[in-house]
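Chain by chain, the residues run as shown.
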Amino acid sequence: MPRTLFDKLWDAHVVRELGDGWALLHIDRHLLHDLSGPPAMAEVAARGLPLHNPELDFATPDHAASSQPGRTPGTFPLGGRLHGALRDLSAKSGVRFYDLGQPGQGIVHVMGPELGIVLPGLTVICGDSHTCTNGGLGALAFGVGSSESTHALATQTLRQQKPRRMRIRCDGELGAGVTAKDLALHIIGTLGAAAGVGCAIEFAGEAVRALDVEARLTLCNLTVELGARFGLIAPDQRTVDWVRGRLFAPTGAAFDAAAARWLSLASDEGAQFDREEVIDAAAVAPTVTWGTSPEDAIAIDGHVPDPTDAPDASARSAIEAALDYMGLAPRAAIAGTPVEWVFIGSCANSRLPDLRAAADVARGRRVADGVTAWVVPGSENVKRAAEAEGLREVFEAAGFQWREPGCSMCVAANGEQVPPKARCVSTSNRNFVGRQGPGARTHLASPAMAAAAAVTGRITDVRTLK
Amino acid sequence: MTPFTAVTGAATPLMRANIDTDVIVRIERLTAFQRDQLGPYAFEALRLRPDGSEDPGCVLNQPAFRNAPVLLAGENFGCGSSREGAVWALMGLGIRCVIAPSFGDIFFNNCFQNGVLPVRWPMALVEALATQCAGGAPVTVDLHAKTVTAPDRRALPFDVDPLRREALLHGLDDIGLTLKDDALIREWQQADRVRRPWAWPVVQGATA
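Residues numbered from 1 in each chain as written. Chains lettered and ligands numbered in written order. Predicted model: local features only at pLDDT ≥ 70, side-chain atom pairs only at ≥ 80, totals over all residues. Heavy atoms only, no water.

J.: Tell me about the overall build of chain A, and name the residues and values.
T.: Helix and strand counts for chain A stand at 15 helices and 19 strands. Counting only residues that meet the buried cut, chain A has 66% of its 466 residues in that class. In chain A, once contacts between residues fewer than 6 apart in sequence are set aside, the share between residues at least 24 apart is 75%. A total of about 14500 Å² of accessible surface is found on chain A, and carbon and sulfur atoms cover 51% of it. Charged side chains of chain A number 44 positive and 52 negative; the gap between the two group centres comes to 3 Å. (Helix = DSSP H or I, 4+ residues; strand = E, 2+ residues; numbered from the N terminus. Buried < 20%, exposed > 50% of the residue type's maximum accessible area, 1.4 Å probe, protein only. Contact = heavy atoms within 4.5 Å. Areas by Shrake-Rupley, 256 points an atom, 1.4 Å probe, with all protein chains shown as cover. Lys, Arg positive; Asp, Glu negative; His and termini not counted. Charge placed at Lys NZ, Arg CZ, Asp CG, Glu CD.)

J.: Describe the sheet that holds strand S15 (residues 341–344) of chain A, listing the residues and the values that go with them.
T.: Residue and element names in this part refer to chain A. With parallel pairing, 5 strands are arranged side by side in an open sheet as S17-S16-S15-S18-S19. Since the sheet does not close on itself, it has two edges, and those belong to strand S17 (401–402) and strand S19 (441–444), each with one partner. Of the pairings in the sheet, the one linking strand S18 (residues 423–426) to S19 comprises 4 bridges and is parallel in character. For Arg-423, the partnering residue across the bridge sits in S19 and is Arg-441. (Pairing = 2+ DSSP bridges.)

J.: Residues and numbers for the sheet that holds strand S2 (residues 22–26) of chain A, please.
T.: Reading across the sheet, the 3 strands line up as S1-S2-S8 (chain A) and stay open at both edges, with antiparallel pairing between neighbours. Two strands lie at the open edges of the sheet, namely strand S1 (14–19) and strand S8 (157–161) of chain A, each paired on one side alone. Put simply, the sheet's adjacent strands are angled 25° from each other on average, direction ignored. Here 5 bridges tie S2 of chain A to S8 of chain A, and the two strands are oriented antiparallel to one another. If you follow Ala-23 of chain A over to S8 of chain A, its bridge partner there is Gln-160 of chain A. Running over the sheet, helix H9 (residues 182–195) of chain B touches S1, S2 and S8 of chain A and is turned about 140° from S1 of chain A. (Axes fitted to C-alpha atoms, helices over the stretch in contact; angles between N-to-C directions.)

J.: Please set out helix H12 (residues 352–362) of chain A residue by residue, giving values where relevant.
T.: Those residues of H12 of chain A lying buried are Leu-352, Asp-354, Leu-355, Ala-358, Ala-359, Val-361 and Ala-362 of chain A. With its phi angle positive at about 75°, Gly-364 of chain A sits one or two positions after the end of H12 of chain A.

J.: Please set out the interface of chain B and chain A residue by residue, giving values where relevant.
T.: Quoted interface sizes are often the accessible area lost when the parts come together. Counting from both sides, the interface comprises 54 residues of chain B and, opposite them, 74 residues of chain A. At the junction of chain B and chain A, the tally comes to 5 salt bridges. For Asp-28 of chain A, the salt bridge identified is with Arg-196 of chain B, shortest N-O distance 2.9 Å. Counting residues per element, the ones that place at least two in the side of chain B that touches chain A are helix H1 (21–24), helix H2 (27–32), helix H5 (105–113), helix H7 (162–170), helix H8 (174–179) and H9 of chain B. Of all the elements, H9 of chain B adds the most residues to the side of chain B that touches chain A, at 8 residues. (Salt bridge = Lys/Arg side-chain N within 4 Å of Asp/Glu carboxyl O.)

J.: Help me get a handle on the packing of aromatic side chains, residues and values and all.
T.: The tally for this structure, following the rule as stated, stands at 15 aromatic pairs over all chains. With 5.6 Å between their ring centres and 90° between their planes, Phe-255 of chain A and Trp-262 of chain A make a pair best called edge-to-face. Accessibility classification places Phe-255 of chain A together with Trp-262 of chain A in one group, the buried group. Between Phe-103 of chain B and Phe-108 of chain B, the aromatic rings sit 5.6 Å apart at their centres with planes inclined by 40°, giving tilted as the arrangement. Comparing Phe-103 of chain B with Phe-108 of chain B, the two get one shared label, buried. (Phe/Tyr/Trp six-rings, centres within 6.5 Å; stacked < 30°, edge-to-face > 60°.)

J.: Quick one: what's the story with the pairing of strand S5 (residues 138–142) of chain B, residue by residue and with numbers?
T.: All names here are of chain B. Judged by which residues are buried, S5 turns out to be one-sided: Val-139 and Val-141 face inward and are buried, whereas Pro-138, Thr-140 and Asp-142, on the alternate face, are not. Judged from the 5 bridges that link them, strand S1 (residues 6–14) and S5 form a sheet pairing that is antiparallel. Counted as the bridge partner of Ala-10 is Pro-138 from S5. Examined bridge by bridge, S5 and strand S6 (residues 147–149) share 3 bridges and lie antiparallel to one another. The residue bridging Thr-140 from the neighbouring strand is Thr-149, located in S6. In this structure, the hairpin formed by S5 and S6 is closed by a connection of 4 residues, where Lys-146 is found at a positive phi of approximately 55°.

J.: Report on the environment of Pro-138 of chain B, specifying residues and quantitative values.
T.: Residue and element names in this part refer to chain B. Topologically, Pro-138 is positioned in strand S5. Sequence separation between Pro-138 and Pro-151 is 13 residues, and the spatial gap between their C-alpha atoms is 5.9 Å. Setting aside its immediate chain neighbours within four residues, Pro-138 contacts Thr-8, Gly-9, Ala-10, Thr-149, Ala-150 and Pro-151.

J.: I'd love a proper account of the pattern of salt bridges, names of residues and values included.
T.: One pass over the structure, following the stated rule, counts 39 salt bridges over all chains. Of the charged contacts, one joins Asp-274 of chain A and Arg-165 of chain A as a salt bridge, the two residues approaching to 3.6 Å between their closest N and O atoms. On the criterion of sequence distance, the pair formed by Asp-274 of chain A in the loop between helix H10 (252–263) and strand S12 (275–280) and Arg-165 of chain A in strand S9 (residues 164–171) is long-range, its members being 109 residues apart. Between Asp-192 of chain B and Arg-195 of chain B there is a salt bridge, with its nearest N and O atoms 3.4 Å apart. Separated by 3 residues within a single helix, Asp-192 of chain B and Arg-195 of chain B lie in helix H9, roughly one turn from each other. With a relative accessible area of 0%, Asp-192 of chain B lands in the buried category. A cluster of three or more residues bridged by salt bridges with shared partners is formed by Arg-3, Asp-7, Asp-11, Lys-162, Arg-165 and Asp-274 of chain A.

J.: Before we move on, could you go through the packing of H12 of chain A against helix H14 (residues 391–398) of chain A and cite the residues and values that matter?
T.: Residue and element names in this part refer to chain A. Relative to each other, H12 and H14 sit at 40°, their axes nearing to 9 Å. Relative to H14, H12 is oriented oblique. The interaxial crossing formed by H12 with H14 has left-handed handedness. Facing H12, whose interface residues are Leu-352, Leu-355, Arg-356, Ala-358, Ala-359 and Ala-362, H14 presents Leu-391, Val-394, Phe-395 and Ala-398. Of the residues in the contact of H12 with H14, the class split is 9 nonpolar, no polar and 1 charged. (Parallel < 35°, antiparallel > 145°, perpendicular 65-115°, else oblique. Left-handed = near helix turned anticlockwise from the far one by under 90°. Nonpolar A, V, L, I, M, F, W, Y, C, P; charged D, E, K, R; others polar.)

J.: Tell me what's going on with the nonpolar core, and back it up with residues and numbers.
T.: In this structure, Trp-290, Ile-334, Val-342, Ile-344, Leu-355, Phe-395 and Phe-400 of chain A are the most contacted members of the largest nonpolar core, which totals 57 residues. Elements with a contribution of two residues or more to this core: helix H11 (313–326), S15, H12, strand S16 (372–375), helix H13 (380–388), H14 and helix H15 (447–456) of chain A. With 8 residues, H15 of chain A is the largest single contributor of residues to this core. Residues within four places of Phe-400 of chain A in sequence aside, it is in contact with Ile-344, Ala-362, Val-367, Ala-373, Val-375, Phe-395, Ala-451 and Ala-454 of chain A. Leu-72, Val-126, Ala-150 and Val-160 of chain B belong to the second largest nonpolar core, which has 56 residues in total. (Core = buried A, V, L, I, M, F, W, Y, C linked by side-chain atoms within 4.5 Å.)

Take a look at the structure:
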């Protein structure tokens, strides 16, 4: 019987079937960060249990760490306490801990793949919904809450119910200036923020195959904004080449054996999905959000909706509330909207190719008057690599702030917030009410589009900047 | 975990789609407070005006719905962040059951871990119940019978996964249950080290 990528990953990790589609699944990697890690680790200790396999757990501060240049754990005191707790609990239980300023520190979903902690074919969990990012490597990676995190620390397993299988096939080629981020926002805008509820989503098709590995991580990063826990892309030769040589990747003959296995994970010809959607990638334009859900996504030449066009009363009031929060008029063109803040970073878009794309737009230009623009690399290694190739100078010469790695203004749990009513073009993944700070107005976009907004002071089609 | 058998009381109609866990509880509250202190911070963005005073227009502030044990919501309730604090904040408001057409996957799961029952019902049914409950008339959610009894006394069925129902009814702790299988887990791991040696991290003479 032909199997999907998801089926193969699932089947390979079943320790015991529990009936009714439930299984006890082995967890191969558990990533711990400063916000959700300490409570789960403390809970295991309070129950008098050891960590089941501390060698499979990896910890680093990201959410509550300040990104201020020259930061210490105490720069944001509340975060400093969490940092201390994560460091101490990790030391006590034998968990590898990557501290601020060390190679390896960074946003969990950036440092995990970067170090080869995350490999194709593994099950990976983290107390963070964007763990689905790691599915871009062909890992079964999913976000969990505190209780599940505690369970996994104590048992190295989770009780999971098999989700439905969904495939989103992206046919055709993305146009010039159109990125994985635009594709992701376009898909969410087209299918809706609840389209993937209860599903494991495999992204497939020509446009997905053509993405480099970092872009695949970006695409899978936004799977949770479709309501799903799992996003997946089948590993191919590009994946194998990307993984080779990473710190925790196997070496020599062991790597070749692993690679052969990874390449066999792709969905079989004729494998059945519970739902299938087709997206025309060639029709995707640079895409931005106008409202307070990632599904409020429109092409850069589009207009924000008019509540009076809504199909029913509840949709009408939702549009009205979103327009009011965002300070936008019905039917306004999205391009040309003035902005005050730009944030380039987050587990969606803080990898080296993201920073290169933004730097290409920033090079030789200046951040517009009245705009504050931040670049926050996703990890210490990304930061050092970007500095080595001169990207820091490009950004600083253009008037961007170059900051320390962490989640920063995406999660706004580290003292870093967009001020109330300020409008921010952000490469992050959530434009929820208050997400970047109380009253903050977030427009999601790609790194190149964010840089274009910074240098023009407006939401701008990057393709018009030559 | 607190067992869940049945609850009776008002059902608050919060009929909007895509209410995310950031809106249910802000991240700063989770860095500053314990899990049993979050009730006052639930739905801040909806309940409070910018100056911190209560917005009387918000349904959650209406006297009929203070301490209501049931919440009625639109599509994709609890989407977004994995924060289990969203469930703790709802519990702090006294909510034990949420009825909606669909839920964010992680939130749905987190509910069961804490003795909160998420009920998936078709939109039309949730809307009809919301209309009946608009004045604060009580409903009864019975997990034994798997029914919601509306103010008009009609008992309407809902589906719930058998394993999860059992765990909720008895307040069962998964960790204890799973550790009963620990020999099996260790056996699986031993076999896996042979099957997938590459899945077991080794770093020779290196630091990151």
